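Next come the chains, spelled out residue by residue.
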Amino acid sequence: MTHMTAQMPLVRTDNLTPKIPAYLSETYNWAYLTPASLMIFDHTPVVSAILWGNFNRLQRAAMREIRPGQTVLQPACVYGRLSPNLATHIGPDGHLDVIDVAPIQAENCRRKLAGYANTRVRVADATDPGGGPYDVVCCFFLLHELPDDYKHRVTDALLNAITPDGKVVFIDYHRPHPLHPLKPITSLVFDTLEPFAKGLWRREISGFASEAERFTWRKERYFGGLFQKVVAQPRQP
């Protein structure tokens, strides 16, 4: 379904394309930077299997924080139907801005959002997203893929991208209950394929913010604590 064009947020007018970070090309080339990776992973059933059947639940958790008509930043393309579902959720009066540092991911997302006039896809780094300010930033399973120094930079950049009454919604991994039956296999997967993910086992997301005291932080856990939703909002005077 084609949506009416919503008011577009201001974005930078420079033509500079950010360089793909070394951690991404060295660690995640197999997952994000080849045509084969798109063919293998960009299917909702595959994404749901990776998340142990929790994709829809976590997507709904994110959307509970977003109202129709709002301006939303999604700082990284996501495999599956998250972006089209967000575009539908915010409706023709809202606007979805999707960024990704990898041109192949941005182009793939543009194809998925063809026909949604309330969206824009840009090549940009989440450490410097541009655009905005946004009512909501929906950061869906990005932080666990970043080295800790990038986690700091991205968290700060996203917190600075919202309006004074906006919010940043982080959906990501969390340290599970010690007796969680999937903790051993998750730990092995992280050690083998996701070397930066355990940063979220060692530290709260608020711990990656330089000025965490400027925000209120609300957290909900899911699936025995393996996943989390953290919502950060500016403290009101």
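Quick summary incoming for the structure in this document. (Residues numbered from 1 in each chain as written. Predicted model: local features only at pLDDT ≥ 70, side-chain atom pairs only at ≥ 80, totals over all residues. Heavy atoms only, no water.)

### A word on the pairing of strand β6 (residues 215-222)
Put simply, the test is: The pairing criterion is simple: DSSP has to find at least two bridges between the two strands. Secondary structure follows DSSP: runs of H or I at least 4 residues long count as helices, runs of E at least 2 residues long count as strands, and numbering of each begins at the N terminus.
Of the strand pairs in this sheet, β6 and strand β7 (residues 227-234) are connected by eight bridges, and their pairing is antiparallel. Within β7, the residue paired with tyrosine 222 across the bridge is phenylalanine 227. Connecting β6 to the antiparallel partner β7 that follows it, the hairpin turn spans four residues, and phenylalanine 223 within it adopts a positive phi of roughly 55°.

### Comments concerning the pairing of strand β5 (residues 162-173)
What counts is decided by this rule: Between buried and exposed lies partly exposed: a residue is buried under 20% and exposed over 50% of the maximum accessible area for its type, with that area taken using a 1.4 Å probe on protein chains only. Looking down the strands as they point away from the viewer, one classifies a crossover as right-handed if the path from the first strand across the helix to the second runs clockwise.
Counting buried residues in β5 gives 10 out of 12 residues, a clear majority hidden from the surface. Direction of pairing for strand β4 (residues 134-140) relative to β5: parallel, over a ladder of six bridges. Residue tyrosine 134 lies in a different strand from β5, and its bridge partner there is isoleucine 162. In this fold, the crossover linking β4 to β5 by way of helix α8 (residues 148-159) has right-handed handedness. Inspection of the sheet shows β5 paired to β7 by six bridges, in the antiparallel sense.

### Quick word on the packing of helix α5 (residues 55-63) against helix α6 (residues 82-90)
To characterise two packed helices, one gives the angle between the axes of the helices and the distance between these axes. Selection criterion: Fitting a line to C-alpha atoms yields each axis, with helices limited to the stretch in contact; the angle taken between N-to-C directions then spans 0 to 180 degrees. Put simply, a crossing is left-handed when the front helix is turned counterclockwise from the back one by less than a right angle, and right-handed when it is turned clockwise. Note on contacts: a residue pair is in contact if any heavy atoms of the two residues lie within 4.5 Å. Residues are grouped as follows: nonpolar covers Ala, Val, Leu, Ile, Met, Phe, Trp, Tyr, Cys and Pro; charged covers Asp, Glu, Lys and Arg; every other residue, Gly included, is treated as polar.
Packing of α5 against α6 leaves a shortest axis separation of 11 Å and a crossing angle of 35°. Considering how the two elements wind past one another, α5 and α6 form a crossing that is right-handed. For the pair formed by α5 and α6, the contact residues are Phe55, Gln59 and Met63 on the first element and Leu82, Asn85, Leu86 and His89 on the second. Among the residues making up the contact of α5 with α6, the classes are represented as four nonpolar, three polar and no charged.

### Examining the pattern of salt bridges
Rule in force here: Basic side-chain nitrogens of Lys or Arg form a salt bridge, by our definition, when they fall within 4 Å of a carboxyl oxygen of Asp or Glu.
Under the counting rule described, the total for this entry stands at 13 salt bridges. Arginine 120 is the salt-bridge partner of aspartate 97, the closest N and O atoms lying 3.8 Å from each other. With a gap of 23 residues between them, aspartate 97 in strand β2 (residues 95-100) and arginine 120 in strand β3 (residues 119-123) connect regions that are remote in the sequence. Several salt bridges share partner residues, and in doing so they unite Glu65, Lys167, Arg218, Glu220 and Lys229 into one network.

### Looking at the sheet that holds β2
Strand order in the open sheet formed by seven strands is β3-β2-β1-β4-β5-β7-β6, with mixed pairing between adjacent strands. With one partner strand each, in any of the chains shown, β3 and β6 form the two edges of the open sheet. For this sheet, the mean inter-axis angle between neighbouring strands, taken without regard to orientation, is 15°. Those strands touched by α6 are β1 (71-75), β2, β3 and β4, and its axis lies near 160° from that of β2.

### A word on the environment of threonine 17
Position of threonine 17 relative to the elements: it lies in the segment before α1 (22-27). Measuring from C-alpha to C-alpha, the distance between threonine 17 and glycine 130 comes to 12 Å, with 113 residues separating the pair along the chain.

### Regarding unusual backbone geometry
Residue proline 133 follows glycine 132 across a cis peptide bond; omega there is 5°. Mapped onto the secondary structure, proline 133 falls in the loop between β3 and β4. Backbone geometry places tryptophan 52, a non-glycine residue, at a positive phi of 55°. Mapping tryptophan 52 onto the fold places it in the loop between α4 (44-50) and α5.

### Side note on empty space enclosed by the protein
Counted only if it meets this: Cavities and pockets are defined on a 1 Å grid built over the protein atoms alone: a cavity is a set of grid points where a 1.4 Å probe fits but cannot escape, while a pocket is an open set with protein on both sides within 12 Å along at least five of seven lines, and lining residues are those with an atom within 4 Å of any such point. Grid points are joined across faces, edges and corners, and a volume is the space filled by probe spheres set on the points.
Throughout the structure, instances matching the rule amount to one cavity of 30 Å³ or more. Taken as a whole, the largest cavity spans an internal volume of roughly 30 Å³. Elements with a contribution of two residues or more to the lining of the largest cavity: β1 and β4. Broken down by element, the lining of the largest cavity gets its largest block of residues, three residues, from β4.

### Looking at the side chain of lysine 151
With respect to the secondary-structure elements, lysine 151 resides in helix α8. Contacts of lysine 151, omitting those with residues within four sequence positions, involve Leu143, His144, Leu146, Phe196, Gly199, Leu200 and Phe208.

### Things to note about a nonpolar patch on the surface
What counts is decided by this rule: Each patch is assembled from residues with relative accessible area greater than 30% and no salt bridge, linking like charges that lie within 9 Å and nonpolar side chains (Val, Leu, Ile, Met, Phe, Trp, Tyr) that lie within 5 Å. Here the Shrake-Rupley method, with its probe set to 1.4 Å, supplies the accessible areas, and only the displayed protein chains count as covering residues.
Nonpolar side chains collect at one region of the surface, where Trp30, Trp52, Ile185, Val189 and Leu193 lie side by side and expose about 430 Å² of accessible area between them. Along the chain, the position of isoleucine 185 falls in helix α9 (residues 183-193).

Taken by themselves, the reported measurements are silent on function.
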